[in-house]
Amino acid sequence: MWDRIEPLMPADPVRGRRWADHRRTLEAIAWKYRTCAPWRDLPQELGSFTTAHKRLLRWAVDGTWARIFAAVLAAADADDDIGWTVSVDSTVCRAHQHAAGARKKGDTGRGEPADHALGRSRGGLGTKVHLASDSNARPLAIVLTAGQAGDAPAFTTVMAAIRVPRADVGRPRTRPDAVLADRAYSSRAIRAHLRGRHIRAVIPQPADQIRHRQRRGPQGGRPTAFDAESYKERNTVERCISRFKQWRGLAMRTDKLAIAYQAALHLAAILIWARR
């Protein structure tokens, strides 16, 4: 995995001291989120915890994690190793009490949302992670919202985050062949969005929508098309979520800042793609 990641790591600064060993820093960050241990409990052989924590935040702010993630996606696309039947879903990650307490206004200059992607639902304080995965259960897009947010309002944001650069010349690929999603995404707006982009929608209708259409008779229109056989592949996004939640520091959020938590999600996604 390191052979694939090493060429993508940032070069040393033009001025000042050299970066600390990138591989050790990467292993330190991965260890922290795999174990959900406090930063100060970082093993001595992985270096200073302040170096790892500052590097995580610095590369989140300057977009390094996002660029590396885009680069591994581009390499996979060049090898024709991305399945473009995309599944979309979300999962709620409970927030530890240490995740609360950041400034309420956020820091828009660094891309930090004002609510820090934290919100209360019946399950308590949490963050909702919206994911799009390819047909091999690997992440293509990651979007964070507050825990009480709905799935459907974030759908277009998730779709806009699917952006796979081409290895050669050409615009990034942003349009999958088909999108699989559960009944929470069954709305006219979502179906119209996919239809306008010429993307096949494989989304079942809830029973109440079916009854409402039937009550209207001929004015209700024709039933929406639904491919039950293709829908069986929607488990890929569930398996992708399971891969992320094997990291204890991602299954339960301890970061005060959403940009730090998303950076850790990007790191996990990078490692998932690097071991392909």
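The structure displayed is predicted, hence computed values, not measured ones.

Draft legend 1. Representation of the nonpolar core within the structure. Of all hydrophobic cores here, the largest spans 71 residues; its most connected members are Trp65, Val88, Phe244 and Leu250. With 15 residues, helix H11 (residues 258-274) is the single largest residue contributor to this core. Excluding residues that lie within four positions of it along the chain, Leu250 makes contacts with Tyr33, Cys93, Phe244, Tyr261, Ala264, Leu265 and Ala268.

Draft legend 2. Molecular detail of the environment of Tyr185. With respect to the secondary-structure elements, Tyr185 resides in the loop between strand E5 (178-180) and helix H6 (188-196). Judged by its relative accessible area of 1%, Tyr185 falls in the buried class. It is 7.1 Å that separates the C-alpha atoms of Tyr185 and Ile203, two residues lying 18 residues apart in sequence. Beyond its immediate sequence surroundings of up to four residues, Tyr185 is in contact with Val88, Asp89, Ser90, Asp151, Ala152, Phe155, Ile190 and Ile203.

Draft legend 3. Region of the structure containing the side chain of Asp134. Topologically, Asp134 is positioned in the loop between strand E3 (124-133) and strand E4 (139-146). Residue classification places Asp134 among the buried positions, given a relative accessible area of 0%. Polar contacts involving the side chain of Asp134 include one to the main-chain amide nitrogen of Gly83, which spans 3.3 Å. With sequence-adjacent residues up to four places away left out, Asp134 is seen in contact with Asp81, Ile82, Gly83, Thr85, Leu140, Thr236 and Trp273.

Draft legend 4. Representation of the layout of surface pockets in the model. Approximately 510 Å³ is the volume found for the largest pocket. Taken together, 22 residues line the largest pocket, and the ones lying closest to its centre are Arg188, Arg191, Gln205, Arg222 and Thr224. Residue assignment for the lining of the largest pocket shows that the elements contributing at least two residues are H6, strand E6 (200-202) and helix H7 (207-215). Among the elements that take part in the lining of the largest pocket, H6 stands out by supplying four residues, more than any other. Counted by class, the lining of the largest pocket contains six nonpolar, eight polar and eight charged residues. Approximately 360 Å³ is the volume found for the second largest pocket. Forming the walls of the second largest pocket are 16 residues, and the residues nearest its centre are Trp39, His98, Thr254, Asp255 and Lys256. Of the residues in the lining of the second largest pocket, the class split is nine nonpolar, four polar and three charged.

Procedures and definitions
- Residues numbered from 1 in each chain as written.
- Predicted model: local features only at pLDDT ≥ 70, side-chain atom pairs only at ≥ 80, totals over all residues.
- Heavy atoms only, no water.
- Core = buried A, V, L, I, M, F, W, Y, C linked by side-chain atoms within 4.5 Å.
- Buried < 20%, exposed > 50% of the residue type's maximum accessible area, 1.4 Å probe, protein only.
- Helix = DSSP H or I, 4+ residues; strand = E, 2+ residues; numbered from the N terminus.
- Contact = heavy atoms within 4.5 Å.
- Polar contact = N/O pair within 3.5 Å; in protein donor to acceptor, adjacent residues only side chain to side chain.
- 1 Å grid on protein atoms, 1.4 Å probe; cavity = no way out; pocket = protein on both sides within 12 Å on 5 of 7 lines; lining within 4 Å.
- Points joined across faces, edges and corners; volume = space filled by probe spheres on them.
- Nonpolar A, V, L, I, M, F, W, Y, C, P; charged D, E, K, R; others polar.

By themselves, these figures tell us nothing about what the structure is for.
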